[in-house]
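These are the residues of each chain, in order.
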Amino acid sequence: MIPRHLIIGFAILLAAALGLSVYAWHMRKTVVAQPTTAVDARPLAPPVAGPSERVVLYIAHDDDGTLRGESAQIPMPSGRQQRAEELLRALLARYLDKDSPHRLGAGADIRGVYLVDPGVAVIDLNSAFADTHRSGVLVEDLTVASLIQTIAVNTPNLLKVKILVEGQERETLAGHADLSSYYDVSGVNQLATQLQPQ
């Protein structure tokens, strides 16, 4: 025979376990029913000191495979290298908007732009830029042409551009666009002209 106080204790524990199960089930339904808010994964850039200037950003448009020059007013620092970085950050900000004509992956950013005389620029992308980039010949070529044409048109005397990822050479952007060698600015300019809407 089981003592009466053990039966009562067991009944209380069973009722408590049942009550906690019902409470947990109710809380789970409440959490699932609440809409989740999107997190802005864009990197936060430091504020730029300098007067605002009108520049031309070459924006890729995936829907028709074109590259279009768009005028933009952005604050520009006085240093040549910092100006080049701000140009590309303004371009990436356009691509990271939700209504972007050429989507880039969350967290895509420019680590730095280095201007090496005579006439050489090195663009250093972060790994999120390359790792989340969509694969495809046209989409990758549009990205590369957009970066190079934007920096070349707004930075005089550039002849060649090299693209790195996390400071290292990489064979391709996402399987197609060749990043193993330097891009000739005049060749990219010809490609950008061909990609202009008719």
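Starting afresh in each chain, residues are numbered from 1 along the sequence in its written order. Whole-chain, interface and lining totals are the exception, using all residues; otherwise, since this is a predicted model, local features are given only for residues with pLDDT of at least 70 and side-chain atom pairs are given and counted only at 80 or more. Calculated side-chain values reflect all of the structure's heavy atoms, with hydrogen atoms and water omitted.

## A short note on the pairing of strand β5 (residues 160-165)
Under the convention used in this document: Type-normalised accessible area, obtained with a 1.4 Å probe on protein chains alone, sets the label of each residue: buried when under 20%, exposed when over 50%, and partly exposed for intermediate values. Strands are runs of DSSP state E lasting at least 2 residues, helices are runs of H or I lasting at least 4, and numbering of each runs from the N terminus. Each pair of strands is called paired provided DSSP finds at least two bridges between the two strands.
In terms of residue burial, β5 counts as a mostly covered element, since five of its six residues are buried. In the sheet, strand β4 (residues 120-125) pairs with β5 via six bridges, with the strands oriented parallel. What sits directly across from Leu125, in β5, is Val165. Across two bridges, β5 lies against strand β6 (residues 183-184) in antiparallel orientation. Looking at the pairing, Val161 lines up with Tyr183 of β6.

## Considerations on the environment of Leu14
For Leu14, the position within the fold is in helix α1 (residues 4-33). For Leu14 and Thr30, which are 16 residues apart along the polypeptide, the C-alpha to C-alpha distance reads 25 Å.

## Side note on the nonpolar core
The condition that has to hold: As used here, the term nonpolar core means buried Ala, Val, Leu, Ile, Met, Phe, Trp, Tyr and Cys residues forming a set that is joined through side-chain atoms within 4.5 Å. In this description, contact between two residues means that some pair of their heavy atoms is separated by no more than 4.5 Å.
Formed by 46 residues in total, the largest nonpolar core has its most connected members in Ile123 and Leu147. Looking at which element gives the most residues to this core, the answer is helix α2 (residues 80-96), with eight residues. In this structure Ile123 touches Leu88, Ile110, Gly112, Leu147, Ile151, Val161, Lys162, Ile163 and Leu164, once residues within four positions along its chain are discounted.

## Quick word on the sheet that holds β5
So the rule is basically this: Note on definitions: angles span 0 to 180 degrees between N-to-C directions of axes, and those axes are lines fitted to C-alpha atoms, for helices only across the stretch in contact.
Strand order in this open sheet of four strands is β3-β4-β5-β6, and the pairing throughout is mixed. Every other strand in the sheet has two partners, leaving β3 (110-116) and β6 as the edge strands with one partner each. Strand contacts of helix α4 (residues 137-154): β3, β4, β5 and β6, with the helix running at about 135 degrees to β4, the strand carrying the most contacts.

## Brief notes about the packing of aromatic side chains
Any pair of aromatic rings gets described here by the distance separating the centres and the angle formed by the planes. Put simply, the rule reads: Two rings from Phe, Tyr or Trp (for Trp, the six-membered ring) form a pair when their centres are within 6.5 Å of each other. A pair whose planes differ by under 30 degrees is stacked, one over 60 is edge-to-face, and the rest are tilted. Put simply, a charge is over a ring when the Lys NZ or the Arg CZ is close to the ring centre, within 6 Å, and near the line of the ring normal, within 35 degrees.
Applying the stated rule across the entire model yields zero aromatic pairs. Sitting over the face of the ring of Tyr182, Lys162 holds its NZ or CZ atom 5.9 Å from the ring centroid.

## A few points about helix α5 (residues 185-194)
What counts here: The reported arc concerns the directions from the helix axis to the C-beta atoms and nothing else.
Buried within α5 are the following residues: Val185, Val188 and Ala192. For α5, the angular spread of buried residues about the axis comes to 60 degrees, placing them on one side. Those residues of α5 that are exposed and aimed more than 90 degrees away from the buried face are Gln190 and Gln194. Those residues of α5 that are buried are in contact with β2 (66-75), α4, β5 and β6.

## Some remarks on the pattern of salt bridges
Let me state the cut-off plainly: The salt bridge definition used is simple: a Lys or Arg side-chain nitrogen within 4 Å of an Asp or Glu carboxyl oxygen.
Going through the model one piece at a time under the given rule, you end up with ten salt bridges. A salt bridge links Arg89 to Asp109; its shortest N-O distance comes to 3.7 Å. Placement of the pair is Arg89 in helix α2 and Asp109 in the loop between α2 and β3, with a sequence separation of 20 residues. Arg170 is the salt-bridge partner of Asp131, the closest N and O atoms lying 3.2 Å from each other. Taken as a pair, Asp131 in helix α3 (residues 127-131) and Arg170 in the loop between β5 and β6 lie far apart in primary sequence, 39 residues in all. The class of Asp131 is exposed, set by a relative accessible area of 52%. Each of the salt bridges in this network shares a partner with another, and the network as a whole consists of Glu85, Arg89 and Asp109.

## Observations regarding the pairing of strand β1 (residues 52-61)
For a regular strand, side-chain orientation follows a simple rule: the groups alternate between the two sheet faces. Here β1 runs beside β2; their pairing, made up of ten bridges, is antiparallel. Note that in β2 the partner of Val55 across the bridge is Ala72. Counting the residues between successive antiparallel strands, the hairpin from β1 to β2 contains four residues, one of them, Gly65, with a positive phi of roughly 65 degrees.

## Quick look at the environment of Glu169
Here Glu169 lies in the loop between β5 and β6. A relative accessible area of 57% places Glu169 in the exposed class. It is 80 Å that separates the C-alpha atoms of Glu169 and Met1, two residues lying 168 residues apart in sequence. Setting aside anything within four residues of it in sequence, one finds Glu169 in contact with Lys162, Leu164 and Ser180.

On their own, these measurements won't tell you what the molecule is for.
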